[in-house]
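Topology and contacts: notes
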Amino acid sequence: MKPVQTMKLEIESRSVNEAFARAAVSAFASQLDPTVEELSDLRTAVSEAVTNCIVHAYRNSVGRIFITASVYPDGMFSVKIRDKGCGIEDVEKAMEPLFTTLGDERAGLGFAVMESFSDRVRVRSVVGKGTAVTLYKRIRGRADG
Amino acid sequence: MPVTFRKQRRKLVAQIRGEVDHHAAEPLRREIDNRIRADKPSVLRLDFRNVTFMDSSGVGLVMGRYRLLRTWGGKLELSGMSRTVERIMQLSGIEKIAAVITEKGSSHETRTNHEAGN
């Protein structure tokens, strides 16, 4: 299915941009008239994906994060968060709840939260090339409760 | 100030404000750790009622403070959690390490009514 329209955003992998990225995606999604809860879910999932780019993909450097959000005619909303960072060796392992490579201050819940707060999460990663995470969320909106 | 403290006998209440993401977690961690290292409270309550956004960085924040508290046998309580905050906390099984305090305050009334309607 072709999207009704698409928004692209490119930011640097600085933690100060986490709030900006989720706010921008959430503002774009508001044309679907989402409920407060749907928007909050979306913000949370986007925040996790963008944080992963910053703390994992570009761990000791600053790189660029490419965000593409699309609105589909059936009310589906998708957000692709892509980086050109280190990539993930074992995606399945990385998606296990509580698995983290980053020690005590990270819970290892990034992917678990993304999965819980969106309808579908697709991850494509190539070591040394980068990772693309696509979040799909159906926006039922306020119209039918 | 992203966090303010209130002392009730041996209990220290840390009221967290605003957005808790990876960016905000670091200064929060520093402020809370400085305070609890000095006070060594027997109970630390992290209060989330003024938190407007939280992702899994908030869980890391809670788990890290739990580890520090444990070094002197301190206990951890969580209060004022919104439904979203609670959902994220539950993914981590945090209720095994912290007591979740639910209060019948004005800030919770809307939520309770909403849930009753579902």
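Residues numbered from 1 in each chain as written. Chains lettered and ligands numbered in written order. Predicted model: local features only at pLDDT ≥ 70, side-chain atom pairs only at ≥ 80, totals over all residues. Heavy atoms only, no water.

**A short note on helix α1 (residues 22-39) of chain B**
Residues and elements named next belong to chain B. With 18 residues, α1 ought to run about 26 Å at 1.5 Å a step, and its terminal C-alpha atoms sit 26 Å apart, in line with that. Buried within α1 we find Ala 24, Ala 25, Leu 28, Ile 32, Asp 33, Ile 36 and Asp 39. Buried residues belonging to α1 abut β1 (3-8), β2 (11-20), β3 (43-54) and α2 (57-70). With a side-chain oxygen positioned 3.1 Å from the backbone nitrogen of His 23, the residue opening α1 is Asp 21. (Helix = DSSP H or I, 4+ residues; strand = E, 2+ residues; numbered from the N terminus. Expected span 1.5 Å × (residues − 1). Buried < 20%, exposed > 50% of the residue type's maximum accessible area, 1.4 Å probe, protein only. Contact = heavy atoms within 4.5 Å. Polar contact = N/O pair within 3.5 Å; in protein donor to acceptor, adjacent residues only side chain to side chain.)

**Digging into the pairing of strand β3 (residues 76-83) of chain A**
All names here are of chain A. For β3, the buried fraction is high: six of the eight residues fall into the buried class. Bridge analysis of strand β2 (residues 64-71) against β3 gives seven bridges, and the strand direction is antiparallel. Directly across from Val 71, in β3, lies its bridge partner Phe 77. In textbook terms, the turn of a hairpin is the stretch between consecutive antiparallel strands, and for β2 and β3 this stretch comprises four residues, one of which, Gly 75, has a positive phi near 90°. In this structure, β3 lies alongside strand β5 (residues 130-138), joined through eight bridges in antiparallel fashion. Bridging from a neighbouring strand, Met 76 pairs with Arg 138 of β5. (Pairing = 2+ DSSP bridges.)

**Re the layout of surface pockets**
Residues and elements named next belong to chain A. Looking at the second largest pocket, its volume works out to about 610 Å³. Along the wall of the second largest pocket there are 31 residues; nearest its centre are His 56, Ile 88, Ala 94, Thr 101 and Phe 111. For the lining of the second largest pocket, the secondary-structure elements that each account for two or more residues are α2 (36-57), β3, α3 (91-94), α4 (110-117) and β5. When residues in the lining of the second largest pocket are grouped by element, the largest group, six residues, is from α2. When grouped by side-chain class, the residues that make up the lining of the second largest pocket number 14 nonpolar, nine polar and eight charged. (1 Å grid on protein atoms, 1.4 Å probe; cavity = no way out; pocket = protein on both sides within 12 Å on 5 of 7 lines; lining within 4 Å. Points joined across faces, edges and corners; volume = space filled by probe spheres on them. Nonpolar A, V, L, I, M, F, W, Y, C, P; charged D, E, K, R; others polar.)

**What to know about the side chain of Ser118(A)**
All names here are of chain A. In this fold, Ser 118 is placed in the loop between α4 and β4 (120-126). A distance of 2.5 Å separates a polar atom in the side chain of Ser 118 from the backbone oxygen of Met 114. Residues in contact with Ser 118, not counting those within four places in the same chain, are Ala 45, Leu 135, Tyr 136 and Lys 137.

**Things to note about the confidence of the model for chain B**
In low-pLDDT regions, the fine details of the predicted coordinates are not to be read closely. Looking at chain B as a whole, the pLDDT averages 88, with 87% of positions reaching at least 70. Per-residue pLDDT stays below 50 along residues 105-118 of chain B; that stretch engages in eleven contacts with residues further than four places along the chain or on separate chains. (pLDDT = per-residue confidence, 0-100.)

**Comments concerning the pattern of salt bridges**
Between side chains of opposite charge, a pair can form as their charged atoms come close. Residues and elements named next belong to chain A. Evaluation of the coordinates by the stated rule reveals 20 salt bridges over all chains. Of the charged contacts, one joins Glu 12 and Arg 14 as a salt bridge, the two residues approaching to 2.6 Å between their closest N and O atoms. Classification of Glu 12 by relative accessible area gives partly exposed; the value is 30%. What makes Arg 14 partly exposed here is its relative accessible area of 41%. In this structure, Asp 74 engages Arg 138 in a salt bridge whose closest nitrogen and oxygen atoms are separated by 3.7 Å. Of this pair, Asp 74 sits in the loop between β2 and β3 while Arg 138 sits in strand β5; the two residues are 64 residues apart in sequence, bridging distant segments of the chain. What makes Arg 138 partly exposed here is its relative accessible area of 27%. (Salt bridge = Lys/Arg side-chain N within 4 Å of Asp/Glu carboxyl O.)

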